[in-house]
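What the coordinates show
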Amino acid sequence: MAPVRLLCSVGIASALLHLFVGKTEGSGNFLERSGDVGTGSTDHSEYSLGGAAPHPSAPAEGVIEYVHLWTSADGETHLADCKVKDLAFTKLPGGESAQYVRSLTETVSGINTTNIIVTQQVGANPWHHCPQTQFVVTLSGTWFVNTTDGDQRFLPTGSWLFQSDTPNNPAAEPGTRKAMHYSEAVGPCNQMVLQLQRPPAVVDKPCPF
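With that settled, consider the pattern of salt bridges. Between side chains of opposite charge, pairing is possible as soon as their charged atoms come close. Tallied over the entire structure, the rule returns 3 salt bridges. A salt bridge links Arg153 to Asp81; the shortest N-O distance between them is 2.9 Å. With Arg153 in strand β11 (residues 152–155) and Asp81 in strand β4 (residues 77–83), the pair connects residues that are 72 residues apart, well separated along the chain. Classification of Arg153 as buried rests on a relative accessible area of 4%.

Further remarks concern unusual backbone geometry. In this structure, Asp86 is a non-glycine residue whose phi angle is positive, near 60°. Assignment of secondary structure puts Asp86 in the loop between β4 and β5 (88–91). With a phi angle near 65°, Cys207 is a residue other than glycine that sits in the positive phi range. Residue position: Cys207 is located in the segment after β14 (189–196).

Another aspect to go through is the pairing of strand β6 (residues 98–101). Note that β5 and β6 share 4 bridges and pair antiparallel. Bridge assignment links Phe89 to a residue of β6, and that residue is Tyr100. Hairpin connection, β5 to β6: the antiparallel pair is bridged by 6 residues, and Gly94 has positive phi, about 85°.

This part is about the sheet that holds strand β9 (residues 134–140). Taken together, the 6 strands give an open sheet; going across it, the order is β4-β3-β12-β9-β14-β7, and neighbouring strands pair in mixed fashion. Both outer strands of the open sheet, β4 and β7 (113–121), are each paired with one neighbouring strand and no more. Between one strand axis and the next, the sheet turns by 20° as a mean value, whatever way the strands run. Pairing analysis gives 4 bridges linking β9 to strand β12 (residues 160–163), with the strands arranged antiparallel. Bridge assignment links Val137 to a residue of β12, and that residue is Trp160.

Core analysis: the largest hydrophobic core is formed by 17 residues, its most contacted members being Tyr66, Leu104, Ile111, Phe135, Trp160, Phe162 and Phe209. It is β14 that provides the largest number of residues to this core, a total of 3 residues. By size, the runner-up hydrophobic cluster in this structure holds 10 residues, among which are Val67, Leu79, Val145 and Ala185.

Let's shift gears to the state of the cysteines. One pass over the structure, following the stated rule, counts 1 disulfide. Between the sulfur atoms of Cys82 and its disulfide mate Cys207 the distance is 2.1 Å. Every disulfide takes its handedness from the sign of the S-S torsion; for Cys82 and Cys207 that torsion is -80°, giving left-handed. One end of the pair, Cys82, is in strand β4; the other, Cys207, is in the segment after β14, with 125 residues separating them in the sequence. Looking at Cys82, the relative accessible area reads 1%, which means it is buried.

Cut-offs and rules
Residues numbered from 1 in each chain as written. Predicted model: local features only at pLDDT ≥ 70, side-chain atom pairs only at ≥ 80, totals over all residues. Heavy atoms only, no water. Salt bridge = Lys/Arg side-chain N within 4 Å of Asp/Glu carboxyl O. Helix = DSSP H or I, 4+ residues; strand = E, 2+ residues; numbered from the N terminus. Buried < 20%, exposed > 50% of the residue type's maximum accessible area, 1.4 Å probe, protein only. Pairing = 2+ DSSP bridges. Axes fitted to C-alpha atoms, helices over the stretch in contact; angles between N-to-C directions. Core = buried A, V, L, I, M, F, W, Y, C linked by side-chain atoms within 4.5 Å. Disulfide = S-S within 2.5 Å.

Here's what the structure looks like:
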């Protein structure tokens, strides 16, 4: 799966929050699947779309939403709809008007970019780990992600995902689908991936920032 900016890493997180804000809709039953989704040996490779992908809508003032793909201690992956906390209404450096701002680089440990990738996803990306803790921003088009607990989110233009279900996640286990997800593009989908130094982790609650 996966989502540039010629900016210093300190500016990237703020730019991400301002340029790629969209209301992420989802959590309905968009997925038809064979078998029970989990981390065992059941085959979950046969997927079909059971409903139309949602369209992005304008965000509410002072609200920046994102989707968190998180891993619990048992290795199950989950999805949560989150809102960025602690936004300040202030001017950006060089700006003339106030905006809702939070620098993740300055306020969250490990949010410093090590790699920036632009990609166009086409088709399915079967069950896999993400390569590194990362943000995935949908630049244009739509894709969706499924987690091992059976949940799903469509990610249309303007939405962004935060994930750390990497191969070295503490809950990952070779030969299983622990700390994995499935993703698929609904037609070609352009993405920007910002990979981070933040170590992968299991968590007891989502929405870390």
